[in-house]
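The lines below spell out each chain.
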Amino acid sequence: MTLFRGIIPALITPMNDRQAVDEAALRMLVDTLIDKGVHGLFALGTNGEFFALSDDEKLKVAQIVVDQARGRVPVIAGTGAFTTRDVIDMNARMEQVGVDACSIITPYFNAVSQRELVVHYTAIAERASLPFMLYNIPAKTGGTITVDSVAELSHLPMVQGIKDSGGDFDRLTQLIGLKRDDFAVFTGTDSLILWGLLAGADGAVAATTNAVPDTVMTIYNAFQAGDMETAREAQEKLRVLRTAFGMATMPVVLKAAAELMGMPAGPTRAPALPLSEQQRQQLDELMQVYR
């Protein structure tokens, strides 16, 4: 049985004024989200600024999350890199840290073929001691893994799920058709949480949970209780924050929204710039719907 299920926040990486990882803030974030009822924690994803962190910083973040979670929920760490060798190495290091599973983004910057993707993930799976989920986010990587490739890889024992952040609902439903007890399908597009659940998805890796955990958990919990009206209202409310993401470079808006809602976040690492005073005021006004 896969350990991937429910609402798993794609954690931001809180930073201090010097743009260094803020350990105390990260620990607070972990506790707050667990208290809100999340089913797991995903560190070092796209909204966690994995691309802006050194390997040592990634290991530090994962260690803090594992330590603070204390086994209350599974911890998933992003270990993606362009080269197969680097992913295998980081998987081994993350196992030593104590994470429960990994998430491996498709290779980025230099587009690779489907055959190369299958060989890449197969080699990783053959060397892996931890289960992992595939992570597809074509808008950021410049490439996508096809449903056929996912179907082929889904039969490898260590490949136990996929987070699809492409925003294509038709594709998501095709992936849901691949679901088994040992292969979970998650939407990584927060505007599709309810619709994915209705179609049979196992859950969502939802970055907005950092800022508005009550709203995100209401979508899932109301759905599970059969209260579609409440779930739909919460999903529609989430649109306000999702739409605001376009105001600035990712994850500047998410971090600012989290701070406005009393969650620790701090700045986004340069070259991303903070919101202007006017933008921050505009965001504050938008966030009133969640207060």
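Residues numbered from 1 in each chain as written. Predicted model: local features only at pLDDT ≥ 70, side-chain atom pairs only at ≥ 80, totals over all residues. Heavy atoms only, no water.

Looking at an unreviewed UniProt entry, one finds the protein named 4-hydroxy-tetrahydrodipicolinate synthase and attributed to Billgrantia zhangzhouensis. Listed in UniProt under the heading Sequence similarities (unreviewed entry), the comment for the protein reads: "Belongs to the DapA family." The Subcellular location (unreviewed entry) comment attached to the protein in UniProt states, word for word, "Cytoplasm". (UniProt positions renumbered as here; feature names shortened; annotations may be inferred.)

A.B. asks: Let's hear about the overall build of the protein: which residues, and what values?
C.D. replies: Within the protein, the regular secondary structure consists of 12 helices and 8 strands. Relative to its length of 291 residues, the protein is compact, with a C-alpha radius of gyration of 18 Å against a globular reference of 19 Å. A principal-axis box enclosing the C-alpha atoms of the protein has dimensions of 50 × 45 × 35 Å. Going through the 291 residues of the protein one by one, you find that 54% of them count as buried. A fraction of 71% describes how many contacts in the protein between residues 6 or more apart in sequence connect residues 24 or more apart. Only carbon and sulfur atoms are counted for the fraction: they give 49% of the accessible area of the protein, which is about 12,400 Å². Considering the protein, the positive charge centre built from 25 side chains and the negative charge centre built from 34 side chains are found 2 Å apart. (Helix = DSSP H or I, 4+ residues; strand = E, 2+ residues; numbered from the N terminus. Rg over C-alpha atoms; globule rule 2.2 N^0.38 Å. Buried < 20%, exposed > 50% of the residue type's maximum accessible area, 1.4 Å probe, protein only. Contact = heavy atoms within 4.5 Å. Areas by Shrake-Rupley, 256 points an atom, 1.4 Å probe, with all protein chains shown as cover. Lys, Arg positive; Asp, Glu negative; His and termini not counted. Charge placed at Lys NZ, Arg CZ, Asp CG, Glu CD.)

A.B. asks: Describe the pattern of salt bridges, and please don't skip the residues or the numbers.
C.D. replies: Summed over all chains, the structure comprises 14 salt bridges. Between Asp164 and Arg171 there is a salt bridge whose closest N-O contact spans 2.8 Å. Accessibility assignment for this pair places Asp164 and Arg171 in one class, buried. Between Asp202 and Lys179 there is a salt bridge; the shortest N-O distance is 3.6 Å. In this pair, Asp202 is assigned in the loop between helix H8 (193–199) and strand S8 (203–205) and Lys179 in the loop between helix H7 (169–176) and strand S7 (184–187), connecting sequence segments 23 residues apart. Judged by relative accessible area, which is 33%, Lys179 ranks as partly exposed. Look at the salt bridges and you will find they share partners, linking Glu23, Arg27 and Asp67 into a network. (Salt bridge = Lys/Arg side-chain N within 4 Å of Asp/Glu carboxyl O.)

A.B. asks: Quick one: what's the story with the sheet that holds strand S4 (residues 101–105), residue by residue and with numbers?
C.D. replies: Strand pairing in a sheet is mediated by backbone hydrogen bonds. Such pairs are either parallel or antiparallel. With respect to topology, 8 strands assemble into an open sheet ordered S1-S8-S7-S6-S5-S4-S3-S2, the strand pairing being parallel. For this open sheet the edge positions go to strand S1 (6–8) and strand S2 (41–43), each flanked by a neighbour on one side alone. Mean inter-strand twist for the sheet, computed between neighbouring axes without regard to direction, equals 25 degrees. Across 3 bridges, the pairing between S1 and S8 is parallel. Bridging from a neighbouring strand, Ile7 pairs with Ala204 of S8. Where helix H2 (residues 55–69) meets the sheet, its contacts fall on S2 and strand S3 (75–78), and the angle it forms with S2 comes to roughly 165 degrees. Running over the sheet, H7 touches strand S5 (132–136), strand S6 (159–164) and S7 and is turned about 165 degrees from S7. (Pairing = 2+ DSSP bridges. Axes fitted to C-alpha atoms, helices over the stretch in contact; angles between N-to-C directions.)

A.B. asks: Tell me about H7, and name the residues and values.
C.D. replies: For H7, the set of buried residues is Arg171, Leu172, Leu175 and Ile176. Buried residues of H7 fall within an arc of 145 degrees about the axis and therefore sit on the same side. Looking at the buried residues of H7, the elements they touch are S5, helix H6 (147–153), S6, S7 and H8. Its side-chain oxygen placed 3.0 Å from the backbone nitrogen of Asp170, Asp168 serves as the N-cap of H7. (Arc of directions from axis to C-beta. Polar contact = N/O pair within 3.5 Å; in protein donor to acceptor, adjacent residues only side chain to side chain.)

A.B. asks: Explain the nonpolar core to me, and be specific about the residues and the numbers.
C.D. replies: Soluble globular proteins: nonpolar side chains tend toward being buried together. Formed by 103 residues in total, the largest nonpolar core has its most connected members in Leu41, Val99 and Phe132. Element by element, the count of residues in this core is highest for H2, at 7 residues. What Phe132 contacts, discounting residues up to four positions off in sequence, is Phe4, Cys102, Ile104, Tyr121, Ile124, Ala125, Met158, Val159, Gln160 and Gly161. (Core = buried A, V, L, I, M, F, W, Y, C linked by side-chain atoms within 4.5 Å.)

A.B. asks: Got a sec to walk through the UniProt feature "active site" (unreviewed entry) in the protein? Specific residues and values, please.
C.D. replies: UniProt's entry tags Tyr135 and Lys163 with the feature "active site" (unreviewed entry), counted in the numbering of this structure. Considering the C-alpha atoms alone, the annotated residues occupy 29 residues of sequence yet fold into one spot, their largest mutual distance being 4.8 Å. Among the structural elements, Tyr135 can be located in strand S5. The residues contacting Tyr135, other than those within four sequence positions of it, are Phe42, Thr46, Ser103, Ile104, Ile105, Thr106, Tyr121, Lys163 and Ser165. Here Lys163 shows up in strand S6.

A.B. asks: Could you give an account of the packing of helix H1 (residues 23–35) against H2, naming the residues involved and the relevant values?
C.D. replies: Running from amino to carboxyl end, H1 crosses H2 at an angle of 45 degrees, the nearest separation of the two axes being 9 Å. Classified by the angle their axes make, H1 and H2 are oblique. Remark: the crossing between H1 and H2 carries right-handed chirality. On the side of H1, the interface is formed by Glu23, Leu26, Arg27, Val30, Asp31 and Ile34, while H2 contributes Lys60, Val61, Ile64, Val65, Asp67, Gln68 and Ala69. Partitioning the contact of H1 with H2 into residue classes produces 7 nonpolar, 1 polar and 5 charged. (Parallel < 35°, antiparallel > 145°, perpendicular 65-115°, else oblique. Left-handed = near helix turned anticlockwise from the far one by under 90°. Nonpolar A, V, L, I, M, F, W, Y, C, P; charged D, E, K, R; others polar.)

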